[in-house]
Amino acid sequence: MNELVRFALTAYYPRVDDLPGLAELGLDAKIQRLRRESTLLFWTGIVAASVAFQLAPLLTIRKPLLASWLSAEDLDQHAHKMASHPAYLVRQVTFLIKLVGGIFWGQSPEIRTFLDLTPYPEDPGTRRLEAFVPRQGPLPGGSPERLLSLGKKERERGRDKDRGKGLQA
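Here the residue numbering is sequential within each chain, running from 1 through the sequence in written order. The predicted nature of this model means local features are confined to residues of pLDDT at least 70 and side-chain atom pairs, given and counted, to a pLDDT of 80 or more, with totals for whole chains, interfaces and linings taken over all residues. Based on all heavy atoms of the structure, the side-chain values leave hydrogens and waters out of the count.

(A) Structural context of the overall build of the protein chain. Across its full length, the protein chain carries eight helices and zero strands. Helix and strand definitions follow DSSP, with helices as H or I runs of at least four residues and strands as E runs of at least two, each counted in order from the N terminus. For the protein chain, the N- to C-terminal ordering of α and β elements is α-α-α-α-α-α-α-α. In this scheme, a residue with accessible area under 20% of its type's maximum is buried, one over 50% is exposed, and one in between is partly exposed, where area comes from a 1.4 Å probe on protein chains only. The burial tally for the protein chain puts 30% of its 169 residues in the buried class. If you take every contact in the protein chain between residues at least 6 apart in sequence, the share linking residues at least 24 apart comes to 58%. To measure how exposed things are, a 1.4 Å probe is used in the Shrake-Rupley method; for residues, cover is taken only from the protein chains shown. Of the roughly 11,400 Å² of accessible surface on the protein chain, a fraction of 59% belongs to carbon and sulfur atoms. Residues are treated as being in contact if the distance between any of their heavy atoms lies within 4.5 Å.

Spelled out as structure tokens, the structure:
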């Protein structure tokens, strides 16, 4: 199951130029920790979303193959079409995969350093049980230029053309 989840996550967060992809950020340990710490329902949802991602190339790019058998270009196209599909349920499956991948990607010290952000401290492994969580001071910000350049590259690839087809910006 971990391999199915790993494949789906890395399809949405590949390496882009100098920016590392999820596969290079210790993903296996993060998936094992997620599986250990999440509820059965949440983990089942992630696995089901990963299975749906594997089976959906027939729906998205009209190829009767598993996603793991696609070329890199077809896999990128499949992932994009899943995320921008007109059916809400298909986009929702994608959202669950991207949510988990985004948390893993954004908490990685390599990514935070690349974006000029301070790395997060080590997770203490505890849960807050109090009803009121005190506010923290302002978070250190970084230069948004690198993140904006990634968005510009997506536009150059024509990925903003799906706007206005019922999708939220």
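(B) Looking closely at the pattern of salt bridges. For this document, the term salt bridge refers to a Lys or Arg side-chain nitrogen within 4 Å of an Asp or Glu carboxyl oxygen. This structure, assessed with the given rule, holds six salt bridges. Salt-bridge contacts for Arg 157 lead to Glu 154; the nearest nitrogen and oxygen are separated by 3.2 Å.

(C) Spatial organisation of the environment of Arg 33. As for its placement among the helices and strands, Arg 33 is situated in helix α2 (residues 27-37). Not counting residues within four places of it along the chain, the set of residues in contact with Arg 33 comprises Asp 123 and Gly 125.

(D) The packing of aromatic side chains, seen in detail. Each aromatic pair joins two rings of Phe, Tyr and Trp (for Trp, the six-membered one) with centres within 6.5 Å, and gets the label stacked for planes under 30 degrees apart, edge-to-face for over 60, and tilted for any other angle. For the coordinates displayed, the defined rule picks out three aromatic pairs. One cation-aromatic arrangement involves Arg 112 over Tyr 120; the distance from NZ or CZ to the ring centre is 3.9 Å. Think of it as a cone above the ring: NZ of Lys or CZ of Arg counts as a charge over the ring if it is within 6 Å of the ring centre and within 35 degrees of the ring normal.

(E) Structural detail: the nonpolar core. As used in this record, nonpolar core signifies buried Ala, Val, Leu, Ile, Met, Phe, Trp, Tyr and Cys residues forming a set joined through side-chain atoms within 4.5 Å. Ranked by internal contacts, the top residues of the largest apolar core, which has 33 residues, are Leu 9, Leu 22, Phe 53, Phe 104 and Trp 105. For this core, the elements supplying multiple residues, two or more each, are α1 (2-12), α2, α3 (40-55), α5 (72-83) and α6 (88-107). Among all residues touching Leu 22, those that are not within four sequence positions of it are Leu 9, Thr 10, Tyr 13, Leu 27, Gly 101, Phe 104 and Trp 105.

(F) Layout of the confidence of the model for the protein chain. Summarising the model, the protein chain shows a mean pLDDT of 85, and 85% of its residues fall at 70 or more. The pLDDT value expresses, per residue, how confident the predictor is, ranging between 0 and 100. The weakest mean pLDDT in the protein chain belongs to helix α8 (residues 145-156) at 80; the strongest belongs to α3 at 95.

(G) Representation of unusual backbone geometry. The backbone phi angle of Arg 62 is positive, close to 60°, even though this residue is not glycine. At Asp 116, a residue that is not glycine, the phi angle is positive and equals roughly 60°. The topology assignment puts Asp 116 in the loop between α7 (109-114) and α8.

(H) Structural detail: a nonpolar patch on the surface. Note on patches: the residues involved have over 30% relative accessible area and no salt bridge, like charges join within 9 Å, and the nonpolar side chains Val, Leu, Ile, Met, Phe, Trp and Tyr join within 5 Å. A cluster of nonpolar side chains, contributed by Phe 42, Phe 95, Leu 99 and Ile 103, occupies part of the molecular surface with about 350 Å² of accessible area. A per-element tally of the nonpolar patch places α6 first, with three residues. By the secondary structure assignment, Phe 42 is in helix α3.

(I) Structural detail: the packing of α1 against α2. Between N-to-C directions, angles cover 0 to 180 degrees, with each direction set by a line fitted to C-alpha atoms, over the stretch in contact for helices. Where α1 meets α2, the axes come as close as 10 Å, and the angle between the chain directions of the two elements is 120°. If you check the angle between α1 and α2, you find them oblique. Both α1 and α2 take part in a crossing whose hand is right-handed. Between α1 and α2, the residues in contact are Asn 2, Val 5, Arg 6, Leu 9 and Thr 10 and Leu 27, Asp 28, Ile 31, Gln 32 and Arg 35, respectively. The classification used treats Ala, Val, Leu, Ile, Met, Phe, Trp, Tyr, Cys and Pro as nonpolar, Asp, Glu, Lys and Arg as charged, and all other residues, Gly among them, as polar. Across the contact of α1 with α2, the residue classes break down as four nonpolar, three polar and three charged. An angle counts as roughly parallel when it lies under 35 degrees, as roughly antiparallel when it exceeds 145, as roughly perpendicular when it falls between 65 and 115, and as oblique in every other case. Helix crossings are classified by the rotation of the near helix relative to the far one: an anticlockwise turn of less than a right angle makes the crossing left-handed, while a clockwise turn makes it right-handed.

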